[in-house]
Structure formats: C-alpha cells, structure tokens
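What follows is each chain in one-letter form.
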Amino acid sequence: MAVSKAEFGSDVVVDLLKLLGIEYTAFNPGATFRGIHDSIVNYGGNREPEVIECCHEEISVALAHGYAKASGKLMCAILHDIVGLQHGSMGIFNAWCDRVPVMVLGGTGPMDITKRRPWIDWIHTALVQGNLVRDYVKWDDQPANLASVPEALIRAYRIAVTEPKAPVYVNFDADIQEEVVTEPPLIPDLRRYRPPGPIQGDPTAMEQAAAWLVGAEHPVIIADMVGRNSKAAEALVRLAELLGAAVLDKGARYNFPSTHPLDLSGADRELLAEADVVLALDMSDLARAITTVDKATRAYRFLIREETKIIHICLNELLIRSLAHDFQRLQPVDLPILADTSIGLPTLVQLCEDRLKRDAKRQEAIRARAAALGKRHDTLRQKEREQMQKAWDARPISTARLTAEVWEVIKDEDWVLVNGEAGGWPRRLWPMNRPDQYLGRSGGAGVGYGMGASIGAALAHKGSGKLCVDLQADGDMLYTPSALWTAAHHQIPLLVVMHNNRSYWNSEEHAEELAHVRKRPVENAPIGTMIREPNVDFAKLAQSFALHGEGPIEDPREIRPAVQRALKVVKDQGTLALVDVVCQMR
C-alpha cells in the first residue's frame, strides 16, 4: 500500500481515480462536488482525469457511455446532488440497458445537519441519494467517512467492468470532500483487486450444444451484443463458417461482417421458418427475435416451428432488477447456457471442430449448405440495392440515398459509425467487417443519447486517425443540442450528418396505425408528433457554437459535395462539422 499525499478529502478521490486509470470525467459543474472539482483541477493538474465540461447531466452520462463503447475503458460522469442525478438518470438507464460500464459519481450536501447551508443544502440532500437510481445501476454506495473512500471506488470500478457490465454510482458527502486530511489514508495495491475473469459455460451443456449444431440441417445463429468483445465476434465468424450456418445480426452491437456470405440479416422470417436449431447469442430480447408482432393489436406469433431447438448463451440472469422490465418476455429455451460469449464461443468452436473431424459426410453437407446460403446472401443484397435505386431521386431524400452518398465520401477513411441506424441502411450498404466500426444503439431507447454518445466515442478516438460518423436523428438532437458546445470547446472531431425527417416519426407511425384501427382521420397523425412550423435549422444551430454547418439540403445531388466539405473541416481543423439533410421518414 502507498500513503496518499492528499490535503483534503476530495484529493483522496482524485488519487483513486488516477490509480484506476480514469482518463476523463464529464460534468456540468455543481456545488455539491466542488471539492472533487477543485481537486481534479488543482491537485490532479486536470490530467487523468481531465475535465470534459458539459451543459447538461444527460450529456455527461451519454458521453461516458459512448466513450466506454469506443475505447473499452471506463470513464466518469459526475452529477450534482439530487437535481443532477435526476437530469442524468435517463443516460444512466440507457447505459444500464446497453450493459455498458460508466462510473457515475455524485455529491450531496452535508449529512451532518449542523453544517448545512439554509435552504439549498436541505433541498439538495437525500437519504439516501442512491435510491433514485438503485434499480438501474449495478451497485451504489455513499461512504460514511474518508477511510471508506478507497474501498468504495475500487469496488465500484471492479463491479462496473465485470461482465455483465453496467453503470455504478458512488456519492460523496460534501463534508467528506472538504475535510482536512489529518491522517493520510492508505492507497491499496490494485494488482490484488483485479476484476475476475469471464464465466465459462457448463461443459455438459456446451457438449450438447455442439452435438445439436453439428447435427442440424438448417442451423441459424442470432446475435445481438456479441460484438462488445472482439474475441467473441471473431469466434462467431469461425463458428458460422464451421457449421455453414446463417447469421442474423440484430444490431445492438456489431456482431458479424455485413459482407460475409453467411450474413442473412434481413431474411429473418424465411431463415427462422426453416431452422431446426437456433443458437441465440447475447440476446437482450430473444422472444422479439423469433416472433412477429402486430403493432396495432399487440398480437404476436412465432417465426420458428414448435419443434425447433433453441440454445441461448448469455449472462442475462446475472443482471435483473424489478423496476424496469428490460429482462423482456420469458422465452422457452431448450438449452440455456450461462456463459460469457468471449470464452464460450471459442470453446464451442473447438467442440464442433472435434465432432466434424470424424464426419466427412457432414462436412460435405455443410459446404453445400454454405454455398447455397452464399447465393441467398447475394440475392438479398441485390434486392436491397434495387430498392435503393428505385428511390434514388425521391424528395424528400430517401434514407437509402443519404446513406449511400455518405459512404461515397467516407469509404477511403478509417471510419467508425458511432451512432445512428438510419433505417438499417448503413449495414446494408457499408461493408462492416470489424467490431469497432459500429457501436450500436442506446440500449434504453432514451431520446437524447445520440449526440452525447457520439462526442464521447469521438473523444476516445481523438488523435487516432479514425473518422467518427454520427447519422444523427433530428428529434434526438433536440433533446441535447448543447452537446455541440462541448464538442466545440474541447475540439472533438466528429462528422455529423442529420437524418432530418422533421418528425418524431415513431410516434407519428403509431398515430397512423391507431387511426386506421379506430377508423379515425389518419391525416391528423402529425399533430403532436411533427417537428415543423417552424422547421429547425440545424446548420445555424451548429454555426451558433462556432462550428461548421450546412443545410438544410433538400436536393439529393447536393449531399455528397456538402459532406465532402464537412469532412475536410473535420480532418483539417479537428472539429465537429454538421450537414443537415431533409429525409423521408425511414
């Protein structure tokens, strides 16, 4: 153990953050953590961690969320007592559902009531503050004295980064932060507090899974969050090739190369109807993946046959709370395997290889199946290209053309799609072949995630030569527009292309469907859902933060030159540049 040189309690917090390797902390300043703020800047020299100033707590948490997905490293977000925690709670929920580690720190007014300032310290002090988010963090703590701070932070770090990963919350009494250190605390040797290794699956269950998969006539693999670990994504490719199995990538992360002949994402109904064995991997919602639902009536039906065997390898049962039902519908599974796919999949590959070595006839059948699936892959992608061409000159601009034009500009760059699905078109049109090329969705479908998370991912890649691209939805952007100030202030390079449909389209779509069912006027669907009258000028919004902004673009021929100009700004000036494109709904 080492002895801290801290003069104040908050200095001890900074000692620990440095020891844990925390490079950045994002926050909107607040008086309840003024001690930590001062220590980061004046005791720690604003290095490891360095302050990333934000104008809203939801941005702070989203920024740390995106940073963790891009870098694989933990980042801090600090939230001002009750009100900051309430503002940041949506970002925490997103990270919880997305199984992403974020270290959320907080401050509170003195628990000792004799030291509270009138009014403000009372309304901003809770008993206990962690109650606000306890149902969607993995662990929370509020150390009662300075001696407890090292254990609280080390435990928080270890819990957050152990699979299944998730945010944690540690709250510090303002009195503890500001107390004068009379007896310097001991700082433990972190080599003895390392997180545990990944969980391996039950050997008997893994053997059974291998037997079913090798013996299957039509195996189908469905993957959702496998790509959070590059080793798991690599093993998935080997397993699919070994089995000649079709892969359906559900997109919570990158899971499987979009150009691979065995990628049949988009042909889910046909493949699942044929499947005799389904291998589900890290599915956050397995029931949704194998059913189809009528949005209007909420009725659903299965896409698989009753006799189809289901194997599911995941860690879902290890992280469940009762408040939010993000655990989804309970789906019958023939072979549930509790395992980390980063170690479970390589094991499954080895078991399947051992079985196939002894069966030349099965190997030949697998080769024939893989060849047939490759032809189906080519046909599927050709249909998608034809669909894109049909709407090539459409106005409003089709989402497919927007995606294609952006690709023509960035295709020679080392790019990362840090945010934005754009109706699934990027995965159809851009060759995604590495886990780091697509960071996935928000997790909790919380509007306001995109810009903050994109800036966090771009911060993680700053100076790496990678081009971070955000296909930004307009409604999502309007929740956290001040994130642009953070990007400008900290000079974070990011190419933002607005998918601007001037609507909260998901809600407008629901309004249309319900109107049809109830036989009411469909033309009223835009009321309360459209973002028009006035139209938002996102280019001027960017310009108001001294950033490059172009648009709104309504002629599809203008997209490519505008994105080229924006890319030049990103590369030459190292700042954010935004292009606003008016698009169709999806």
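Residues numbered from 1 in each chain as written. Predicted model: local features only at pLDDT ≥ 70, side-chain atom pairs only at ≥ 80, totals over all residues. Heavy atoms only, no water.

### Side note on the pairing of strand β20 (residues 576-582)
Next, step 1: Most of β20 is tucked away: seven of the seven residues are buried.
Next, step 2: Both faces of β20 are covered, namely the face carrying L576, L578, D580 and V582 and the face carrying A577, V579 and V581.
Next, step 3: As paired strands, strand β18 (residues 494-500) and β20 are joined by seven bridges and run parallel to one another. When the bridges of β20 are listed, L495 appears paired with A577.
Next, step 4: The β-α-β motif built from strand β19 (residues 548-553), the intervening helix α21 (residues 559-573) and the parallel element β20 has right-handed crossover chirality. (Buried < 20%, exposed > 50% of the residue type's maximum accessible area, 1.4 Å probe, protein only. Helix = DSSP H or I, 4+ residues; strand = E, 2+ residues; numbered from the N terminus. Pairing = 2+ DSSP bridges. Right-handed = clockwise from strand over helix to strand, strands pointing away.)

### Digging into helix α1 (residues 9-19)
Next, step 1: For α1, a buried count of nine out of 11 residues is recorded, marking the element as mostly surrounded by other parts of the structure.
Next, step 2: G21 sits one or two positions beyond α1 and adopts a positive phi of about 80°.

### Brief notes about the sheet that holds strand β6 (residues 140-141)
Two modes of strand pairing occur in sheets, parallel and antiparallel, and in both the strands are linked by backbone hydrogen bonds.
Next, step 1: Strand order in the open sheet made by the six strands is β3-β2-β4-β5-β7-β6, with parallel pairing throughout. Strands with a single pairing partner mark the edges of an open sheet, and in this sheet they are β3 (50-53) and β6.
Next, step 2: The pairing of strand β2 (residues 24-27) with strand β4 (residues 76-80) spans three bridges and is parallel. In the strand pairing of β4, A26 is matched with A77.
Next, step 3: On top of the sheet, helix α6 (residues 149-161) reaches β5 (103-108), β6 and β7 (168-173); it is set at about 165° to β7, its chief contact. (Contact = heavy atoms within 4.5 Å. Axes fitted to C-alpha atoms, helices over the stretch in contact; angles between N-to-C directions.)

### Details of helix α4 (residues 81-97)
An α-helix turns once per 3.6 residues; consequently, residues spaced three or four apart project the same way.
Next, step 1: Taking 1.5 Å per residue as the helical rise, α4 with its 17 residues ought to reach 24 Å, and the 23 Å between its terminal C-alpha atoms agrees with that figure.
Next, step 2: The sharpest bend along α4 reaches about 45° and sits at G88.
Next, step 3: α4 sits mainly inside the fold: 12 of its 17 residues count as buried.
Next, step 4: Among all positions in α4, only D81, I82, G84, L85, G88, S89, G91, I92, N94, A95, W96 and C97 are buried.
Next, step 5: Looking at the buried positions of α4, the neighbouring elements they touch are α3 (57-71), β4, β5, α5 (120-123), β7 and α16 (449-461).
Next, step 6: One side-chain oxygen of the residue at the start of α4 lies 3.2 Å from the amide nitrogen of V83, identifying that residue as D81.
Next, step 7: Looking one or two residues beyond α4, the residue adopting positive phi is R99, at roughly 55°. (Expected span 1.5 Å × (residues − 1). Bend = angle between axes of the 7 residues up to and from the residue. Polar contact = N/O pair within 3.5 Å; in protein donor to acceptor, adjacent residues only side chain to side chain.)

### With respect to the pattern of salt bridges
Next, step 1: Under the counting rule described, the total for this entry stands at 40 salt bridges.
Next, step 2: Here R228 makes a salt bridge to E163, at a shortest N to O gap of 3.2 Å. One end of the pair, R228, is in the loop between β9 (219-223) and α9 (230-243); the other, E163, is in the loop between α6 and β7, and 65 residues separate them in sequence.
Next, step 3: Looking at R228, the relative accessible area reads 25%, which means it is partly exposed.
Next, step 4: Salt bridges linked by common partners bring D249, D263, R381, E384, R427 and R428 together as one network. (Salt bridge = Lys/Arg side-chain N within 4 Å of Asp/Glu carboxyl O.)

### Structural notes on the packing of helix α8 (residues 203-215) against helix α12 (residues 341-356)
Next, step 1: Between α8 and α12, the shortest axis-to-axis distance is 9 Å and the interhelical angle comes to 55°. Here α8 lies oblique to α12, going by the angle between them. Note on packing geometry: the crossing formed by α8 with α12 is right-handed. Every residue of α12 that contacts α8 at M206, E207, A209, A210, A211, L213 and V214 is listed here: G344, T347, L348, L351, C352, R355 and L356.
Next, step 2: Here the residues of the contact of α8 with α12 are counted per class, giving 10 nonpolar, two polar and two charged. (Parallel < 35°, antiparallel > 145°, perpendicular 65-115°, else oblique. Left-handed = near helix turned anticlockwise from the far one by under 90°. Nonpolar A, V, L, I, M, F, W, Y, C, P; charged D, E, K, R; others polar.)

### So, the sheet that holds strand β16 (residues 415-419)
Next, step 1: In spatial order, the strands read β16-β17-β18-β20-β19; together these five strands make up an open sheet with parallel pairing. A strand with exactly one partner marks an edge of an open sheet, and here the two such strands are β16 and β19. Neighbour-to-neighbour, the strand axes of the sheet open up by a mean angle of 20°, direction not taken into account.
Next, step 2: Where helix α14 (residues 399-410) meets the sheet, its contacts fall on β16, β17 (467-473), β18 and β20, and the angle it forms with β18 comes to roughly 165°.
Next, step 3: Those strands touched by α16 are β16, β17, β18 and β20, and its axis lies near 180° from that of β17.

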